[in-house]
Amino acid sequence: GENVEQHPSTLSVQEGDSAVIKCTYSDSASNYFPWYKQELGKRPQLIIDIRSNVGEKKDQRIAVTLNKTAKHFSLHITETQPEDSAVYFCAASKVTGNQFYFGTGTSLTVIP
Amino acid sequence: DAGITQSPRHKVTETGTPVTLRCHQTENHRYMYWYRQDPGHGLRLIHYSYGVKDTDKGEVSDGYSVSRSKTEDFLLTLESATSSQTSVYFCAISGGSDEQYFGPGTRLTVT
């Protein structure tokens, strides 16, 4: 099956700086890569996703990049704010409706 | 948030007792999923459903069973709860366009 590794497990940045979280996957057939944000005690919320036919996608301060050759994808958050503090999860899947394989999460702390 | 509810939201039960968790959706989505979330493991898929009465196992299905008799409801049953099943359980739904949306979660403690 698929194996998704996520790094770092914890990340602290100063407010206004950028944050980067990286994930690698093992199955070259995976073609959908979402990112979720989970605040303490809340449900995971989808914040951005990318499909294998695209190399980069941006949504305001958030961007995701995908390198299919190297089998890794990254989440970039620019101009970080305290409300960006949360746990972020990456995931990979290969068939519509099929199972997601999640990374183990990155706890991001933005220091005011 | 997508129209997903889970019940109960919190439950404490004793080892060896059966437990059923319910996920209910109002989106008429085809796919439904049960995950468990544990520190250091992220989210792991237990079972999923791709239609009424159509279910399949995920990566951590041992000790769990599921049923889906209606589009809107997906039940997760622990036949005989063990302490290793203490976890937060999330239901998710998908309409077939890849995105999955999560319910509010159920915190289960097995003593």
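Described below are features of the structure shown in this document. Remember, predicted model here, so these are calculated numbers, not experimental data.

## So, the pattern of salt bridges
- Under the definition given, this model contains ten salt bridges over all chains.
- The salt bridge partner of R61(A) is D84(A), with a shortest N-O separation of 2.9 Å. One end of the pair, R61(A), is in the loop between strand 6 (56-59) and strand 7 (62-67); the other, D84(A), is in the loop between strand 8 (72-77) and strand 9 (86-92), with 23 residues separating them in the sequence.
- For the salt bridge of D73(B) with K70(B), the shortest nitrogen-to-oxygen distance reads 3.3 Å.
- What emerges from the salt-bridge pattern is a single network uniting R51(A), D98(B) and E99(B).

## What about the packing of aromatic side chains?
- Counting across every chain of the model gives 16 aromatic pairs over all chains.
- Ring centres 5.5 Å apart and planes at 90 degrees place the aromatic pair F102(A) and Y35(B) in the edge-to-face group. Of this pair, F102(A) sits in strand 10 (residues 101-102) while Y35(B) sits in strand 4 (residues 31-38), on two different chains. Taken as a pair, F102(A) and Y35(B) share a single burial class, namely buried.

## Details of the sheet that holds strand 3 (residues 19-25) of chain A
Residues and elements named next belong to chain A.
- Spatially, five strands are ordered 1-3-8-7-6 in an open sheet, and the strand pairing comes out antiparallel. A single partner strand is all that each edge strand has here, and the edge strands are strand 1 (4-7) and strand 6. Neighbouring strand axes in the sheet, compared pairwise and without regard to direction, differ in orientation by 15 degrees on average.

## Examining the interface of chain B and chain A
- Taken together, the 26 residues of chain B in the interface contact 20 residues of chain A.
- Linking chain B with chain A are two salt bridges, by the criterion used here.
- D98(B) is the salt-bridge partner of R51(A), the closest N and O atoms lying 3.1 Å from each other.
- Summed over the shared surface of chain B and chain A, the result is four residue pairs in polar contact (both at pLDDT 80 or more).
- For the side of chain B that touches chain A, the elements supplying multiple residues, two or more each, are strand 4, strand 5 (42-51) and strand 10 (101-102) of chain B.
- Considering only residue class, the side of chain B that touches chain A consists of twelve nonpolar, nine polar and five charged.

## Considering the nonpolar core
- One finds W35(A), F73(A), L75(A) and L108(A) to be the most contacted residues of the largest nonpolar core, which totals 24 residues.
- Every element with two or more residues in this core is listed here: strand 2 (10-14), strand 3, strand 4 (32-38), strand 5 (45-51), strand 7, strand 8, strand 9 and strand 11 (106-111) of chain A.
- The residues contacting L108(A), other than those within four sequence positions of it, are L11(A), V13(A), A19(A), I77(A), D84(A), S85(A), A86(A) and Y88(A).
- The next biggest cluster of nonpolar side chains, apart from the first, holds 19 residues, and it includes I4(B), L21(B), A81(B) and Y89(B).

Conventions we followed
- Residues numbered from 1 in each chain as written.
- Chains lettered and ligands numbered in written order.
- Predicted model: local features only at pLDDT ≥ 70, side-chain atom pairs only at ≥ 80, totals over all residues.
- Heavy atoms only, no water.
- Salt bridge = Lys/Arg side-chain N within 4 Å of Asp/Glu carboxyl O.
- Helix = DSSP H or I, 4+ residues; strand = E, 2+ residues; numbered from the N terminus.
- Phe/Tyr/Trp six-rings, centres within 6.5 Å; stacked < 30°, edge-to-face > 60°.
- Buried < 20%, exposed > 50% of the residue type's maximum accessible area, 1.4 Å probe, protein only.
- Pairing = 2+ DSSP bridges.
- Axes fitted to C-alpha atoms, helices over the stretch in contact; angles between N-to-C directions.
- Contact = heavy atoms within 4.5 Å.
- Polar contact = N/O pair within 3.5 Å; in protein donor to acceptor, adjacent residues only side chain to side chain.
- Nonpolar A, V, L, I, M, F, W, Y, C, P; charged D, E, K, R; others polar.
- Core = buried A, V, L, I, M, F, W, Y, C linked by side-chain atoms within 4.5 Å.

Purely geometric numbers; function is a separate question.
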